[in-house]
Protein chains: 2
Amino acid sequence: MPETARRIVLASRPVGEPKPSDFRLEEYPVPQPGPGQLLLKTKWLSLDPYMRGRMSDAPSYAKPVGIDDVMEGGTVNEVAASNNGSYKAGDIVLAHTGWQTHALSNGAGLRKLDPNAAPIQTALGVLGMPGMTAYSGLLEIGKPQAGETVVVSAASGAVGSVVGQIAKIKGARAVGIAGGPDKCKYVRDELGFDDCIDHRAADFAEKLKAACPKGIDVYFENVSGAVWDAVFPLLNTFARIPVCGLIAQYSATEVPDMKYRTAQIFRAVLTKRLTIRGFIVTDFAAKFPDFIRDMPAWIKEGRIKYREDIAEGLEHAPQAFMGMLKGKNFGKQLVRIAE
Amino acid sequence: MPETARRIVLASRPVGEPKPSDFRLEEYPVPQPGPGQLLLKTKWLSLDPYMRGRMSDAPSYAKPVGIDDVMEGGTVNEVAASNNGSYKAGDIVLAHTGWQTHALSNGAGLRKLDPNAAPIQTALGVLGMPGMTAYSGLLEIGKPQAGETVVVSAASGAVGSVVGQIAKIKGARAVGIAGGPDKCKYVRDELGFDDCIDHRAADFAEKLKAACPKGIDVYFENVSGAVWDAVFPLLNTFARIPVCGLIAQYSATEVPDMKYRTAQIFRAVLTKRLTIRGFIVTDFAAKFPDFIRDMPAWIKEGRIKYREDIAEGLEHAPQAFMGMLKGKNFGKQLVRIAE
């Protein structure tokens, strides 16, 4: 009996929070590589908040996943068969084959990984897109200076955890915001942030203020919503706000209420000379060589730590993804597709 | 009979739009310069929108004018008497002696002007703070590239008129926004903008869109309010928004309504990778040598034109200022204090 491949497709565009019926698990025959092609077998799938945007057809920086199309996503794959001289069976590659067990490739856009250099799935996390997002957004837009205060939301997540640790490397005070006491304890005790505040606490805004006695010079925005509302009054003159994500509003069905209105934001932009700047990791592609020089060294020196939250099996990807949008993951969310 | 000096002081903090009773005209004896001091006689007073902020005690980047204190402002003065070796009677200086006819100075912060190089009052306009504001904000934050579209509000004003003309020098398409057909005609025909749209027109938003067929790459914000609402949907990916002023909301007594809410602004910041950055001209003091090299040359070459709106006599300063906040001035608003 031939091996059967499996994939998860977008069954319908979510209204509000994604639900199980927005996804559909399908089986399909394992494809056969043609001339010049590779057959890739997925080992690891990365789940990331940006995928919520791809499920929607609202205008954005990338085109949406089509209905009945395979959900998009970064992957680590093993070359199962190769008709391409550049790759051989057993090679491990970083790819973007999405939520499926097998895919064909002509080799374009792949990056070979050395399994001896680092655990291969870190190419989806601290050594991959989330790590590079943190590195480039913080250093290119946030520009933290020694003695400044850097605040980052979703601080135990794949991006936020790296932002705060790089802020520490640069001599800044790092204050995280995370959901729940366990994550906050991890951010403080394991990652070494100076403080971490639980945004679910009733006195969140007061505690954040107390944790930032000299105000906030850099706010790395991952979430928006009530977290922004607590950060905004604490911003210092010349504060920089790299806008990386807005997870609290991704599933909103109408424009979310936020405490500070547009006119108030602009008044502060003017009087405090704030810089608010959105970015996508690929905007800073030119910085990738710096990243790939610095980050492995920092990990080796013990200055950057990371944590993974692993779902087992493709069939659990939707549940893990829906949980991540609600902050249920603890660390970089991965799905192990195959041993 | 000794000469009498006159000054206008802040009588009360305005609630909403300033009214005549918020100002008070006083007479006082002409002061006598002590050792090392100069007596300055005011020739020109500059009126600028930022002064509305100084009348309020809401937190801002500069401390407010105190009640019963002389209204603040940039001036061009003649040295009437000098006990200071660096200046002699008859010298013309750029100063900041405010809304009054006479003031003492120890010489600090003055800049000597050459009356043969340019009309002395241009040191308050195109060759002064407003010109430098336009120059630095556009070039340092807006960074217009050839072929891009630059939109500026308050386009016939002291700052906006220079912004659009520099945009043209840099090879960009310049589209102004101004109030009324006369100002728009001037901006188009005299200043050479590619287009200028009347924000008072009923179909303003549609006309602005038609004037920007390739969208907006740089929006130089002077006004906020309904003008921002029309600009916002037209912003291109990677658009830059130098925030220089928000004149439409300076006299607001409550948070003004704007069409696009905070969550929508942030969504666009992220998906379009916008840069929104506030600035004050002094933030770019290091660029002053560039400005003072480029701007006189551009004026001489006929590439930068300017227009002045002159009120006659200190007693008319409050009326001229109140009118300016409503857009009644046409060109740089000055008050001629003495011939």
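Reading guide: rules and limits
- Residues numbered from 1 in each chain as written.
- Chains lettered and ligands numbered in written order.
- Predicted model: local features only at pLDDT ≥ 70, side-chain atom pairs only at ≥ 80, totals over all residues.
- Helix = DSSP H or I, 4+ residues; strand = E, 2+ residues; numbered from the N terminus.
- Buried ≥ 20, exposed ≤ 12 C-beta atoms within 10 Å, placed from the backbone.
- Contact = placed C-beta atoms within 7 Å.
- Nonpolar A, V, L, I, M, F, W, Y, C, P; charged D, E, K, R; others polar.
- Axes fitted to C-alpha atoms, helices over the stretch in contact; angles between N-to-C directions.
- Parallel < 35°, antiparallel > 145°, perpendicular 65-115°, else oblique.
- Left-handed = near helix turned anticlockwise from the far one by under 90°.
- Least-squares fit on C-alpha atoms with pLDDT ≥ 70 in both.
- Pairing = 2+ DSSP bridges.
- Domains from an automatic or database assignment.
- pLDDT = per-residue confidence, 0-100.

The next thing to look at is the overall build of chain A. Across its full length, chain A carries nine helices and 15 strands. Projected onto the principal axes, the alpha-carbon positions of chain A cover approximately 65 × 45 × 35 Å. Evaluated residue by residue, chain A yields a buried proportion of 50% over its 339 residues.

Between chain B and chain A, the residue contacts involve 30 residues of the former and 30 residues of the latter. The dominant element in the side of chain B that touches chain A, judged by the number of residues it contributes, is helix H7 (residues 262-271) of chain B, at nine residues. Residues belonging to the side of chain B that touches chain A are distributed by class as follows: 16 nonpolar, eight polar and six charged.

Here we come to the packing of helix H2 (residues 129-142) of chain A against helix H3 (residues 160-169) of chain A. The packing of two helices is summarised by the inter-axis angle and the distance between the axes. Residues and elements named next belong to chain A. With their axes 8 Å apart at the nearest point, H2 and H3 run at an angle of 45° to one another. Regarding the angle of H2 to H3, the classification is oblique. Here H2 runs over H3; the crossing is right-handed. Residues Pro130, Gly131, Ala134, Tyr135 and Leu138 of H2 lie in contact with H3, whose contacting residues are Val162, Val163, Ile166 and Ala167.

Rotating chain B by 180° and translating it 0.0 Å along the rotation axis places it on chain A, where the RMSD comes to 0.0 Å. Read as a symmetry element, the transformation amounts to a two-fold axis. By residue overlap, the copies meet face to face through one surface: 100% of the interface positions of chain B are interface positions in chain A.

Residue and element names in this part refer to chain A. Examined bridge by bridge, strand E4 (residues 75-82) and strand E5 (residues 92-95) share four bridges and lie antiparallel to one another. Residue pairing across strands places Asn77 opposite Val93, the latter belonging to E5. With two bridges joining them, E5 and strand E7 (residues 111-112) adopt antiparallel strand pairing. The residue bridging Leu94 from the neighbouring strand is Arg111, located in E7.

This paragraph deals with the sheet that holds strand E12 (residues 235-243) of chain A. With mixed pairing, the twelve strands of this open sheet are ordered in space as E10(A)-E9(A)-E8(A)-E11(A)-E12(A)-E13(A)-E13(B)-E12(B)-E11(B)-E8(B)-E9(B)-E10(B). For this open sheet the edge positions go to strand E10 (195-198) of chain A together with strand E10 (195-198) of chain B, each flanked by a neighbour on one side alone. Taking the axes of each pair of neighbouring strands and ignoring which way they run, one obtains an average angle of 15° across the sheet. Where strand E13 (residues 275-278) of chain A lies against strand E13 (residues 275-278) of chain B, three bridges are found, and the strand directions are antiparallel. Along E13 of chain B, the bridge assignment pairs Ile276 of chain A with Ile276 of chain B. Lying over the sheet, helix H2 (residues 129-142) of chain B contacts strand E8 (149-153), strand E11 (216-220), strand E12 (235-243) and E13 of chain B, oriented at roughly 145° with respect to E12 of chain B. Those strands touched by helix H3 (residues 160-169) of chain B are E8, strand E9 (173-178) and E11 of chain B, and its axis lies near 170° from that of E8 of chain B.

This brings us to the domain arrangement of chain A. All names here are of chain A. Looking at the assigned domains, one finds that chain A contains domain 1 (4-124 + 306-336) and domain 2 (129-284 + 293-297). One C-alpha centre belongs to domain 1, the other to domain 2; they are set 28 Å apart. Across the boundary between the two partners, domain 1 contributes 16 residues, which contact 14 residues of domain 2. Residues that form the side of domain 1 that touches domain 2 fall into these classes: eight nonpolar, five polar and three charged.

Residue and element names in this part refer to chain B. Residue position: Glu315 is located in the loop between strand E14 (308-312) and helix H9 (317-325). On the basis of neighbour counts, which here come to 13 C-beta atoms within 10 Å, the residue Glu315 falls in the partly exposed class. For the pair formed by Glu315 and Ile337, sequence separation is 22 residues and the distance between their alpha carbons is 8.9 Å.

Here we take up the environment of Gly107 of chain B. Residue and element names in this part refer to chain B. Within the secondary structure, Gly107 is located in the loop between strand E6 (102-105) and strand E7 (111-112). Among the residues examined, Gly107 registers 16 C-beta atoms within 10 Å and is labelled partly exposed. Along the primary structure Gly107 and Ala286 are separated by 179 residues, whereas in three dimensions their C-alpha atoms are 22 Å apart. Setting aside residues up to four positions removed in sequence, Gly107 forms contacts with Leu38, Asn84, Ser86 and Tyr87.

What follows is about H2 of chain A. For H2 of chain A, the buried fraction is high: 13 of the 14 residues fall into the buried class. Two residues or fewer past H2 of chain A, Lys143 of chain A is found with a positive phi of approximately 45°.

Attention now moves to the confidence of the model for chain A. Predicted coordinates in areas of low pLDDT are best not read in detail. Of the residues in chain A, 99% have a pLDDT of 70 or more, and the chain-wide mean is 96. Here the prediction assigns the complex a pTM of 0.94, and the interface score ipTM is 0.93.

Bridge count for strand E3 (residues 38-46) of chain A against E4 of chain A is seven bridges, and the pairing is antiparallel. Each residue of the ladder has a partner; that of Trp44 of chain A, found in E4 of chain A, is Val76 of chain A.

Bringing H7 of chain B into the picture now. Summarising burial for H7 of chain B: eight of the ten residues are buried, a large majority. Turning to H7 of chain B, its buried residues number three or more, namely Thr262, Ala263, Ile265, Phe266, Arg267, Ala268, Val269 and Leu270 of chain B. Considering only its buried residues, H7 of chain B is in contact with E12, helix H7 (262-271) and E13 of chain A together with E12 and E13 of chain B. Positive phi appears at Arg273 of chain B, one or two residues downstream of H7 of chain B, with a value of about 55°.

Residues and elements named next belong to chain B. Following both chains from N to C, one finds H2 and helix H8 (residues 288-300) inclined at 105°, their axes separated by 10 Å at the closest point. Judged by the angle between their axes, H2 and H8 are roughly perpendicular. On H8, the residues touching Gly131, Met132, Tyr135 and Ser136 of H2 are Phe288, Phe291 and Met295. When the residues that make up the contact of H2 with H8 are grouped by side-chain class, the tally is five nonpolar, two polar and no charged.

Even without glycine at this site, Ser224 of chain A takes up a positive phi of about 70°. As for its position among the elements, Ser224 of chain A is in the loop between strand E11 (216-220) and helix H6 (225-231). The phi angle at Phe238 of chain B is positive, at roughly 70°, despite the residue not being glycine. Tracing the sequence through the fold places Phe238 of chain B in strand E12.

Residue and element names in this part refer to chain B. Examined against the element boundaries, Tyr28 turns out to sit in strand E2 (residues 23-29). The class for Tyr28 is partly exposed, based on 13 C-beta atoms found within 10 Å. With residues near it in sequence (within four places) discarded, Tyr28 still touches Ala5 and Arg7.

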